Amino acid sequence: MSRQTADAVLTPEALAGLAAVCDLTPPPALDDFTTPRAHAALADAELLVTGWGCPPLDTGVLAAAPRLRAVVHTAGSVRGHITEACWERGVEVSSAAAANALPVAEYTVAMILLSGKRVLERARDYRRVRRRDDWLGTPPEVGNYGRTVGILSASLIGRRVIDLLRPYDLRILLHDPYVPQAEATALGAELVGLGELFAASDTVSVHTPLLPSTRGLVDRTLLRSMRPGAALINTARGAVIDQEALTEVLLAGRIRAMLDVTEPEVLAPEHPLWECEHALITPHLAGSQGNEWHRLTALAASEIARWAAGNGFAHPVRRERLAFLA
C-alpha cells in the first residue's frame, strides 16, 4: 500500500492485531515491488496485506513471490492490483468491502432522513432570517413518515442501506436486474423497473458499481421523471449519472441532490453546482475514514486468522463475480 495509506490505516493497534495472527514483515509498508527490500520480503511471503495505492500484482511480482497464496485487502475494490496473473496462480483474495460498506450506508441513511425533513434547506433559511418558521404550516411533503425510498442496486452497500432502514416507516423500492422477486422481498423491498424507481420515489439512492454497462445509466430522462422536490443521493461513482443532465435539473430546481461523488471528481472550481442551493456536495467522505479504518484492519486480521486455520475467507473475492463488482 502507499506510505500515506499505511500511516493512516496501520496504527500501532492495527499492527498489533495483524501481528497476533501472522508474522509481519517489519515496516515501512511496501509501495514498490521492484526494490531489493521488496524482493527479499516477497521471496518468503505467503500472504500479502494490501491497501489503497498497492501496485499491480503482475507476473513479475508473482515470479518474485513463489510462495504467495493469498491477498487480504484492507479496502474495497481489488481491481487496481489483483491481475489475471493472480487468478491464474490460484491466489485467494479477500476484501474489506463489507466493512467499508457500513459507513457508506450510515451516511446514506443520514442523508435520506435529513432530506426528508428538509433539514439542510430549512437550516439555510433559518440562518438567513434568524427566526423560526411557521412549524404548524409545514407542507405535507416534509417529513419521513410513509416516504418512498428507491435503492438503485442491491450491492453490498445497497443491501446494508435497506437493512438499516428497516426501523423506519418507509416504503423501500429496489431496482436490480440480477435480483429475483423472492430475494427482494426477503430483503424487505419491492422490486420495480428502473423507470418506476425514479418516478415513484421521494428519494433515490444510487449504489450501482461503475461498469461499462452502468456508465451514464442515470440519464436525463430518468432525472426529469423524478417527482418535483425529490432527492437524489449518490455515494457510488459520479459517472453512473449523466453529470450534464444532473446539473441541468438541479439548476432548474426540479430536484435536490446529495452528492458524495461527481464526474469528474473534483468538479472544476467554476462549476455551477458549487453555488447551487439544491445540491450538497461532500468530498467523497462516506467511506471509511478516521476511526472507521480500525474496522477494516480488524476484518483483515479476522480473515488472516480464518485462512491460516484452514477455514477459508469469510469475505472472498471471486473471479467470476468481478464483472459485477466496483
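Residues numbered from 1 in each chain as written. Predicted model: local features only at pLDDT ≥ 70, side-chain atom pairs only at ≥ 80, totals over all residues. Heavy atoms only, no water.

Under an unreviewed UniProt entry, the name given to the chain is Hydroxyacid dehydrogenase, and the organism recorded is Streptomyces monticola. The UniProt entry for the chain carries this comment under Sequence similarities (unreviewed entry): "Belongs to the D-isomer specific 2-hydroxyacid dehydrogenase family." (UniProt positions renumbered as here; feature names shortened; annotations may be inferred.)

Participant: Please give an account of the overall build of the chain that cites residues and values.
Facilitator: For the chain, the count of helices and strands is 13 helices and 10 strands. Compactness check: the chain gives a C-alpha radius of gyration of 22 Å against a globular reference of 20 Å for 326 residues, within 12% of the reference. On the principal axes, the C-alpha backbone points of the chain span a range of 70 × 45 × 35 Å. Within the chain, buried positions represent 47% of all 326 residues. Once local pairs closer than 6 in sequence are excluded, the contacts in the chain between residues at least 24 apart make up 62%. When the accessible surface of the chain is totalled, it reaches about 16,100 Å², and 55% of it is carbon and sulfur. One finds the centroid of the 32 positive side-chain charges in the chain at a distance of 5 Å from the centroid of its 37 negative side-chain charges. (Helix = DSSP H or I, 4+ residues; strand = E, 2+ residues; numbered from the N terminus. Rg over C-alpha atoms; globule rule 2.2 N^0.38 Å. Buried < 20%, exposed > 50% of the residue type's maximum accessible area, 1.4 Å probe, protein only. Contact = heavy atoms within 4.5 Å. Areas by Shrake-Rupley, 256 points an atom, 1.4 Å probe, with all protein chains shown as cover. Lys, Arg positive; Asp, Glu negative; His and termini not counted. Charge placed at Lys NZ, Arg CZ, Asp CG, Glu CD.)

Participant: Can you break down the sheet that holds strand β10 (residues 279-281) residue by residue, with the values?
Facilitator: Pairing within the open sheet is parallel, and its 7 strands lie in the order β6-β5-β4-β7-β8-β9-β10. Strands with a single pairing partner mark the edges of an open sheet, and in this sheet they are β6 (190-191) and β10. One ladder, built from 4 bridges, connects strand β4 (residues 147-152) with strand β7 (residues 203-206); its direction is parallel. Counterpart to G150 in the pairing with β7 is V204. (Pairing = 2+ DSSP bridges.)

Participant: I'd like to hear about the nonpolar core, residue by residue, with values.
Facilitator: Core analysis: the largest hydrophobic core is formed by 29 residues, its most contacted members being F198, L223, M226, L232, L246, L250 and I255. Elements supplying a minimum of two residues to this core: α10 (194-200), β7, α11 (220-225), α12 (243-251) and β9 (256-259). In this structure, L232 is in contact with F198, V204, V206, L223, M226, I241, L246, I255, R256, A257 and M258, ignoring residues within four places of it in sequence. Counting residues in each nonpolar core, the second largest holds 24 residues, with A45, L57, A64 and V71 among its members. (Core = buried A, V, L, I, M, F, W, Y, C linked by side-chain atoms within 4.5 Å.)

Participant: Could you give me a rundown of the UniProt feature "domain: D-isomer specific 2-hydroxyacid dehydrogenase catalytic" (unreviewed entry) in the chain, with the residues and numbers involved?
Facilitator: In the numbering adopted here, UniProt assigns the feature "domain: D-isomer specific 2-hydroxyacid dehydrogenase catalytic" (unreviewed entry) to residues 38-316. Span residues 38-316 is 37% helix and 15% strand, its end C-alpha atoms 26 Å apart.

Participant: How would you summarise α12 if you had to cite specific residues and measurements?
Facilitator: Of all the positions in α12, only Q243, A245, L246, T247, V249 and L250 are classed as buried. On the buried face of α12, the contacting elements are α11, β8 (231-234), β9 and β10. At the exit of α12 stands G253, carrying a positive phi of roughly 75°.

Participant: Any details on the sheet that holds strand β1 (residues 47-50)? Residues and values, ideally.
Facilitator: Pairing is parallel in the open sheet, where 3 strands are placed in the order β1-β2-β3. Of all the strands in the sheet, the pair left with one neighbour each is β1 and β3 (92-95). The mean angle between the axes of side-by-side strands here comes to 15°, regardless of whether they run parallel or antiparallel. (Axes fitted to C-alpha atoms, helices over the stretch in contact; angles between N-to-C directions.)

Participant: Could you give me a rundown of the layout of surface pockets, with the residues and numbers involved?
Facilitator: Taken as a whole, the second largest pocket spans an internal volume of roughly 790 Å³. Taken together, 32 residues line the second largest pocket, and the ones lying closest to its centre are D23, L24, T25, L47 and V49. Elements supplying a minimum of two residues to the lining of the second largest pocket: α1 (3-9), α2 (12-19), α3 (36-44), β1 and α13 (293-308). Residue composition of the lining of the second largest pocket, grouped by class: 24 nonpolar, 2 polar and 6 charged. (1 Å grid on protein atoms, 1.4 Å probe; cavity = no way out; pocket = protein on both sides within 12 Å on 5 of 7 lines; lining within 4 Å. Points joined across faces, edges and corners; volume = space filled by probe spheres on them. Nonpolar A, V, L, I, M, F, W, Y, C, P; charged D, E, K, R; others polar.)

Participant: Give a detailed account of α3, specifying residues and quantitative values.
Facilitator: Burial in α3 covers these residues: A38, A41 and L42. One side of α3 holds all its buried residues, which, seen down the axis, span an arc of 100°. Opposite its buried face, α3 presents the exposed residues P36, A40 and D44, each directed more than 90 degrees away. Considering only its buried residues, α3 is in contact with β1 and α4 (59-63). (Arc of directions from axis to C-beta.)

Participant: Go over the packing of α2 against α13, please, and point to the residues and values.
Facilitator: A pair of packed helices can be characterised by two numbers: the angle between their axes and the separation between those axes. Across the interface, α2 lies against α13 with an axial gap of 9 Å and an inter-helix angle of 10°. By the criterion of interaxial angle, the relationship of α2 to α13 is roughly parallel. Side by side, α2 and α13 meet where A14, G17 and L18 of the first sit next to T297, A300, A301 and I304 of the second. Its residues assigned to classes, the contact of α2 with α13 shows 5 nonpolar, 2 polar and no charged. (Parallel < 35°, antiparallel > 145°, perpendicular 65-115°, else oblique.)

Participant: Account for the UniProt feature "domain: D-isomer specific 2-hydroxyacid dehydrogenase NAD-binding" (unreviewed entry) in the chain, with residues named and values stated.
Facilitator: Mapped onto this numbering, the UniProt entry gives "domain: D-isomer specific 2-hydroxyacid dehydrogenase NAD-binding" (unreviewed entry) at residues 121-286. As annotated, residues 121-286 comprises 28% helix and 17% strand, and the C-alpha atoms at either end are separated by 21 Å.

Participant: So what's going on with the pairing of β9? Which residues, and what values?
Facilitator: Here β9 shows no split at all, with R256 and M258 on one side and A257 and L259 on the other all buried. By the bridge criterion, 4 bridges tie β8 to β9 in an arrangement that is parallel. The residue bridging A231 from the neighbouring strand is R256, located in β9. Handedness of the crossover joining β8 and β9 through α12: right-handed. Pairing analysis gives 3 bridges linking β9 to β10, with the strands arranged parallel. Its bridge partner being in β10, M258 is matched across the sheet by L280. (Right-handed = clockwise from strand over helix to strand, strands pointing away.)

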